[in-house]
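Observations on the three-dimensional arrangement
Spelled out, the chains give:
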Amino acid sequence: MADILPLLQGFADQLRLQGKSPHTLDAYLRDLHSLQPLLGERNCLQVKADDIRKAMATLHARGLGSRSLARKLSSWRQFYDWLLQRQLISGNPCLGLRAPRQDKPLPKALPVDGTAALLEHIEPDDSLSLRDRALFELMYSSGLRLSEAVNLDLPDLDLTEQLMRVRGKGNKIRLLPIGRTALDYLKQWLAERQSSPDCVAVFVGRHGQRLGGRQVQKRLAEWSIRTGMDRHVHPHMLRHSFASHILQSSGDLRAVQELLGHANLSTTQIYTALDFQHLAKVYDAAHPRAKKKD
């Protein structure tokens, strides 16, 4: 493998000509140097797809994450593309290979008591805090996306039937129930709401215009700090909490899918992992054989 060093230098020179930063260069070279010991005595110009596949399997077995594996494979592929352009090899051994699928991070949901503490801490002693309480109660009550909440218009509400019409992804419409607590605060907010004559948004800002997503994010973060939450809380966590809490109580995955507006059940199934985590914590805390010895 001694012949790989001048090749790596040539590849690095090419990357510099392309304007790659020193940080990017270092990352490429680290990835390529990590390949060398995985190939044993095999000449880098004689590497086959099986060799790359075995190298990836070795790194995966050592605990390297899917994101890091994907980055290494990308570096190796570009190096062998460079060798192919110079007619030093007859084919790129990395073509057609994929890194293991990246693990999707689980959505972050608040516990039931944590959600209640956050919402109940928002004392509606002025119009803005009343709006915030109504908005966040509604998002948690119905599992709204941030975009769905800020784009909600007055004609979308049917307070008599406790329903609202929501425009989701792909402009798909779905009807959602409004919870009792959310309905109470929503009615209070609408009685005080003051907006510009042409604004039909349910939730408006200080100057009577439709409330923006960034403003909602900032307000929720501020309320979570005031509540003393031990984590950063963002609007989507209310949606995740809604889904997780409904699933814990009902176990009805299809209903949660409909309420969230997911096109595929597989998207909703990630909440079953959260549900299992919750059950595992209950088990660890309660079962005498699960408790760790002091």
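Scroll up to find the structure.
To keep things clear, this report deals only with the structure shown in the data block. (Residues numbered from 1 in each chain as written. Predicted model: local features only at pLDDT ≥ 70, side-chain atom pairs only at ≥ 80, totals over all residues. Heavy atoms only, no water.)

1. Things to note about the overall build of the chain
Applied cut-off: The helix and strand labels rest on DSSP assignments: H or I over at least four residues marks a helix, E over at least two residues marks a strand, and numbering proceeds from the N terminus. A 1.4 Å probe rolled over the protein chains alone gives each residue an accessible area, and that area as a share of the maximum for its type sets the label: buried under 20%, exposed over 50%, partly exposed in between. Note on definitions: a residue-residue contact is assigned when non-hydrogen atoms from the two residues lie within 4.5 Å. All accessible areas in this document rest on Shrake-Rupley with a 1.4 Å probe, and a residue is counted as covered only by the protein chains that are shown.
Within the chain one finds 13 helices and three strands. Looking at the chain residue by residue over its 294 residues, the buried ones come to 40%. The contacts of the chain with a sequence gap of at least 6 include a subset with a gap of at least 24, amounting to 58%. Working note: accessible area of the chain is about 17,100 Å², and carbon and sulfur atoms make up 50% of it.

2. Quick word on helix 3 (residues 49–61)
Working note: α-helix, 3.6 residues per turn, so residues spaced by three or four point in the same direction. Rules: Helices are assigned an expected span. That span is 1.5 Å times one less than the residue count. As used here, the arc is the angular range of directions from the helix axis to the C-beta atoms.
Given a rise of 1.5 Å per residue, 13 residues ought to cover 18 Å, and the 18 Å separating the end C-alpha atoms of helix 3 matches this to within 8%. Restricting attention to buried positions, one finds in helix 3 the residues Asp51, Ile52, Ala55, Met56 and Leu59. The buried residues of helix 3 all sit within an arc of 135° when viewed along its axis, so they share a single face. Counted as exposed and oriented over 90 degrees from the buried face of helix 3: Lys54 and Ala61. Check the buried side of helix 3 and you find it contacts helix 2 (22–35) and helix 4 (66–85). Directly beyond the C-terminal end of helix 3, a positive phi value near 100° is found at Gly63.

3. Let's talk about the nonpolar core
Filter applied, for reference: Buried Ala, Val, Leu, Ile, Met, Phe, Trp, Tyr and Cys residues form a nonpolar core when they are joined through side-chain atoms within 4.5 Å.
Phe136, Met164 and Phe203 are the most contacted members of the largest nonpolar core, which totals 38 residues. The set of elements that each furnish at least two residues to this core consists of helix 5 (112–121), helix 6 (127–142), helix 7 (146–150), strand 2 (163–167), helix 8 (180–192), helix 9 (213–227) and helix 10 (235–250). Among the elements that make up this core, the one with the highest residue count is helix 6 (six residues). Residue contacts for Met164: discarding those within four places in its chain leaves Leu138, Ser142, Leu144, Leu152, Asp156, Leu157, Arg174, Leu175, Leu176, Pro177 and Ile178. Core analysis: the second largest hydrophobic core is formed by 28 residues, Leu7, Met56, Cys94 and Leu97 among them.

4. Side note on unusual backbone geometry
With a phi angle near 60°, Gln87 is a residue other than glycine that sits in the positive phi range. Topologically, Gln87 is positioned in the loop between helix 4 and helix 5. Of note in the backbone geometry, Gln162 takes a positive phi value of approximately 55° without being a glycine. Topologically, Gln162 is positioned in the loop between strand 1 (157–158) and strand 2. What makes Gln162 partly exposed here is its relative accessible area of 33%.

5. With respect to the environment of Ser147
Turning to its location among the elements, Ser147 is positioned in helix 7. Ser147 sits 22 residues away from Lys169 along the chain, and the two C-alpha atoms are 9.3 Å apart.

6. Some words on the sheet that holds strand 2
Here is the rule: Two strands qualify as a pair provided that DSSP identifies no fewer than 2 bridges between them.
Strand order in the open sheet made by the three strands is 1-2-3, with antiparallel pairing throughout. Only two strands of the sheet have a single partner each, and these edge strands are strand 1 and strand 3 (173–177). Across two bridges, strand 1 lies against strand 2 in antiparallel orientation. Residue pairing across strands places Leu157 opposite Met164, the latter belonging to strand 2.

7. Details of the pairing of strand 3
Side-chain alternation along strand 3 places Arg174 and Leu176 on a buried face and Ile173, Leu175 and Pro177 on a face that remains uncovered. One ladder, built from five bridges, connects strand 2 with strand 3; its direction is antiparallel. Across the sheet, Leu163 pairs through a bridge with Pro177, a residue of strand 3. Here strand 2 folds back onto strand 3 in antiparallel fashion, the turn holding five residues, of which Gly170 has a positive phi close to 70°.

Interpretation in functional terms is not warranted from these geometric data alone.
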